[in-house]
Amino acid sequence: MRLPRRLPRALAIAAAFTGGASAQESHLPEVEVRGPRDATIGSADSASEGVAEREVFQARPKLRPGDIIEAVPGVVATQHSGDGKANQYFLRGFNLDHGTDFSMKVDGMPVNMPTHGHGQGYADLNFLIPELVSGVSYRKGPYFADNSDFALAGSAAIDYLSALDAPFAEVTFGSNNYRRSLAAGSRTLDDQTWLGAVELVGNDGPWNVPENLEKVNAVLRYFQGTPTRGFSLTGMAYKARWNATDQVPERLIASGELPRFGSLNPTDGGESQRYSLSGKWFDKREAGETTANAYAMAYRFDLFSDFTYFLNNPVHGDQFEQTDRRLVFGAEAAHLMPSKLGSLDGVLRFGAQWRGDRIGEVGLYTTEARERISTVRNDKVSQDLLSIHAQQLVYLSERWRGYVGLRADMLRYEVQGREPVYGLLNSGSGHDSLASPKAGLIFTLSPQNEFYLNGGVGFHSNDVRGTTITLDPQTGLPADRVPALAKGNGAEVGWRFQPNDNVMATVALWQLRLDSELVYVGDAGSTEPGRASDRRGIEATLRWNLPNGLRFDIDAAYSRARFRGTPPEGEGHYVDNAVESVLATGLTYIRGPWTGSLWLRYLGPRALDTRNTVRSRSNTLLNLGARYAVNRHLTLGLDVFNLAGRKGNDIEYFYASCTAGEIASGACGAGIDDRHVHPMEPRSARVSARWAF
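These figures come from a predicted structure and were not determined experimentally.

Peer 1: Which residues make up the nonpolar core, and what values do they have?
Peer 2: Judged by nonpolar contacts, the single largest core of 72 residues is most densely connected at Ile69, Leu132 and Ile158. If one sorts the elements of this core by residue count, strand β16 (residues 288-305) sits on top with five residues. Leave out the neighbours within four places in its chain, and Ile158 touches Ile68, Ile69, Lys105, Val106, Asp107, Leu125, Leu128, Val133, Gly135 and Val136.

Written out as structure tokens, the structure is:
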């Protein structure tokens, strides 16, 4: 069969974006790069997909490991608690909480946790070792058949290197007693490669109650293969514990009763552990490429939080503990092959996925100084998500190509309540299924301009405790149930402009409609009513490689999020805390012994209540990073965070709370409505030294 001139490249790009193995790990001869290949004219299927360039995102200073996800245009990662807790994410008109509606994978393993003790889709990237990341490929919108749970707003796949240029050891010291040591290396003999890395991190942060973060992290990988066939085995181990300063009432900071970096409960904090073993296998032949991967994970999580202080319990306070103990198993396989539909050439991709979560304990307890007072929920949960998918790309002519895809998901679950009062009544089992069609049409106007039209149905799963709930465990009143799978419909029209290898620009107009925002709230152990919603927006990106080692990047996004239908009495149409405007821009310099990055991120104001009567303040952050290779062995580094010393907030919420003093003075009543803020960290610096052997 005669293939179009772009078809081999399309096969390679599709493998890089959608396969269990990245292009780098698959050793595809068409893609001679260190990480996944970026989407370009002739190979991309939408304007909002791409791959972050490794040299650029590695040059950016990273306050936390999760900051690497900001390599995805339009994504903001902040923090509203201790650094051992998952980041708070924003994208496309969503306050994604800790990951709902944004799917993440690291080395082929899903990061998001369904039916999690703290929040649905909880995605903790603190186990990530940024120096090992080879590429970050991303897609936005529910337009692709192989994207699974939580990918309504978008998805990101983070790949690890299979080999290092040279083994190295690095130490870093910084403000607020930050210290980090990292040792990593690899060894290749014939077609076998071993890679290992060990990381130790400690940090107190700027908080009046020292964070006392202690983190241990390790990776061990074995790879064996040829350019056409091979496999890898990867083991990871991570453990962290920390104290946390949660968000605090702005009224106390304004009155001087509480320092800006103060805490109302010094016993907040947590501990998290993650141990995994995964394997990947690929086989590339002229007839196509087959990839498969499997993983097993043991996970443990304990978190103590206090957001309302003494509002609900004036005697013991409102601190609560959330727990999660689980084993996760999964596997997926996919095949990519040239195809023929009549006289038209194309590419067919199909596959299957399975994920099983065996949750021994997912619990919510009221506590005082980390001592349990009572049990709100204590459940044992088992759930399995089985999926099949297929997507056919067809070259209609030299200028037109398109694809259609279909995804089918079935979720089975069982909840065994062990809380003595309501546990049995809130137990149950069930299943849910969903078919998700996808489609796209691409028109190449010229070698420099390409236009895209994409649409599809996507979903996120809900906490299955919300599908079986009968009574609110806090009040004993009847509780609403949530569907196991919540559907969303999205569409996008986009343009990609690439006049040469040094310039690329994209623009995308998108919309996403959710049937309901009804969710199960892990902080309360019950469901929270929600309404149908509509989000739409525009995104634009520009990448420009300038002379003399400079590169300029700018990403801008504006979103509008509204509830549909008639609002309940006292409510409005605004989706509270939905991000509206994001701007990220910066310069990267890589030449000779010098590497530098100056990066600015702006997060605009947003509605904090559904009537838009209270709005957050904007947040502007400027970071600087520089590296100098003294010789082939020694590299010195300097990172400065919040270079301008701005006093912004990483997160703002608007709700009612009461402190002990307000209770004692009789000023509390039914609660005091106020902004609750978690300040972004002040200006700080870190210095590092790396020795390559």
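The rest of the description comes next.
Peer 1: Mind laying out the environment of Leu509, listing which residues take part and the relevant values?
Peer 2: With respect to the element layout, Leu509 can be found in strand β24 (residues 503-514). The partly exposed category is assigned to Leu509, whose relative accessible area is 44%. Measuring from C-alpha to C-alpha, the distance between Leu509 and Phe307 comes to 37 Å, with 202 residues separating the pair along the chain. Apart from residues lying up to four places away in sequence, Leu509 is in contact with Ala491, Glu492, Val493, Gly537 and Ile538.

Peer 1: Talk me through the pattern of salt bridges; I want residue IDs and the actual numbers.
Peer 2: Any two side chains of opposite charge can pair, so long as their charged atoms come close to each other. Under the defined criterion, the tally for this structure stands at 45 salt bridges. For Glu170, the salt bridge is made with Arg690, and the minimal N-O distance between the two is 2.8 Å. In this pair, Glu170 is assigned in strand β9 (residues 168-174) and Arg690 in strand β35 (residues 684-692), connecting sequence segments 520 residues apart. Put simply, Arg401 and Glu450 hold a salt bridge, and the shortest N to O gap is 2.9 Å. Placement of the pair is Arg401 in strand β20 (residues 400-417) and Glu450 in strand β22 (residues 449-461), with a sequence separation of 49 residues. You'll find Arg401 and Glu450 in the same group, each marked buried. Via salt bridges that share partners, Glu131, Glu170, Arg180, Glu199, Lys215 and Arg690 belong to a single interconnected network.

Peer 1: Describe in detail the sheet that holds strand β14 (residues 248-249), supporting the description with residues and values.
Peer 2: Strand order in the open sheet formed by three strands is β14-β34-β33, and the pairing between neighbours is antiparallel. At either end of the open sheet lies a strand with only one pairing partner, and these are β14 and β33 (649-657).

Peer 1: Explain the packing of aromatic side chains to me, using residue names and the numbers behind them.
Peer 2: Enumeration according to the criterion identifies eleven aromatic pairs in this entry. Joined through ring pairs, the aromatic side chains of Tyr122, Tyr299 and Phe301 make up one cluster. Over the aromatic face of Tyr365 sits the side chain of Arg372, whose NZ or CZ is 3.7 Å from the ring centroid. The ring of Tyr574 carries the charged tip of Arg562 above its face, separated from the ring centre by 3.8 Å.

Peer 1: Residues and numbers for the state of the cysteines, please.
Peer 2: Per the stated rule, a full pass over the model turns up one disulfide. Note on cysteine connectivity: Cys658 is disulfide-linked to Cys668, with sulfurs 1.7 Å apart. Taking the sign of the S-S torsion, 100° for the link of Cys658 and Cys668, the bridge is right-handed. Taken as a pair, Cys658 in the loop between β33 and α6 (660-665) and Cys668 in the loop between α6 and β34 (672-679) lie far apart in primary sequence, ten residues in all. For the pair formed by Cys658 and Cys668, the shared burial category is buried.

Peer 1: An account of the confidence of the model for the chain is needed here, citing residue identities and associated values.
Peer 2: On average, residues of the chain carry a pLDDT of 92, and 93% of them reach 70 or more. Segment residues 1-6 is flagged for pLDDT under 50; beyond a separation of four residues in sequence, or across chains, it makes 13 contacts in the model. Per-residue pLDDT stays below 50 along residues 8-35; that stretch engages in 83 contacts with residues further than four places along the chain or on separate chains.

Peer 1: Can you tell me about the side chain of Ser155, naming the residues and giving the values?
Peer 2: Along the chain, the position of Ser155 falls in strand β8 (residues 154-160). Engagement of the side chain of Ser155 in a polar contact is seen with the side chain of Asn147, the distance being 3.2 Å.

Peer 1: Account for the sheet that holds strand β2 (residues 76-78), with residues named and values stated.
Peer 2: The sheet built from three strands is open, its strands ordered β2-β3-β4 with antiparallel pairing. Of all the strands in the sheet, the pair left with one neighbour each is β2 and β4 (94-95).

Peer 1: An account of a nonpolar patch on the surface is needed here, citing residue identities and associated values.
Peer 2: Judged by side-chain polarity, Leu396, Trp400, Leu441, Leu453, Val493, Leu509, Ile538 and Tyr558 come together as a nonpolar surface patch covering roughly 710 Å² of accessible area. Within the secondary structure, Leu453 is located in strand β22.

Rules and cut-offs
Residues numbered from 1 in each chain as written. Predicted model: local features only at pLDDT ≥ 70, side-chain atom pairs only at ≥ 80, totals over all residues. Heavy atoms only, no water. Core = buried A, V, L, I, M, F, W, Y, C linked by side-chain atoms within 4.5 Å. Buried < 20%, exposed > 50% of the residue type's maximum accessible area, 1.4 Å probe, protein only. Helix = DSSP H or I, 4+ residues; strand = E, 2+ residues; numbered from the N terminus. Contact = heavy atoms within 4.5 Å. Salt bridge = Lys/Arg side-chain N within 4 Å of Asp/Glu carboxyl O. Pairing = 2+ DSSP bridges. Phe/Tyr/Trp six-rings, centres within 6.5 Å; stacked < 30°, edge-to-face > 60°. Lys NZ or Arg CZ within 6 Å of the ring centre and 35° of its normal. Disulfide = S-S within 2.5 Å. pLDDT = per-residue confidence, 0-100. Polar contact = N/O pair within 3.5 Å; in protein donor to acceptor, adjacent residues only side chain to side chain. Patch = residues over 30% accessible without salt bridge, like charges linked within 9 Å, V, L, I, M, F, W, Y side chains within 5 Å. Areas by Shrake-Rupley, 256 points an atom, 1.4 Å probe, with all protein chains shown as cover.

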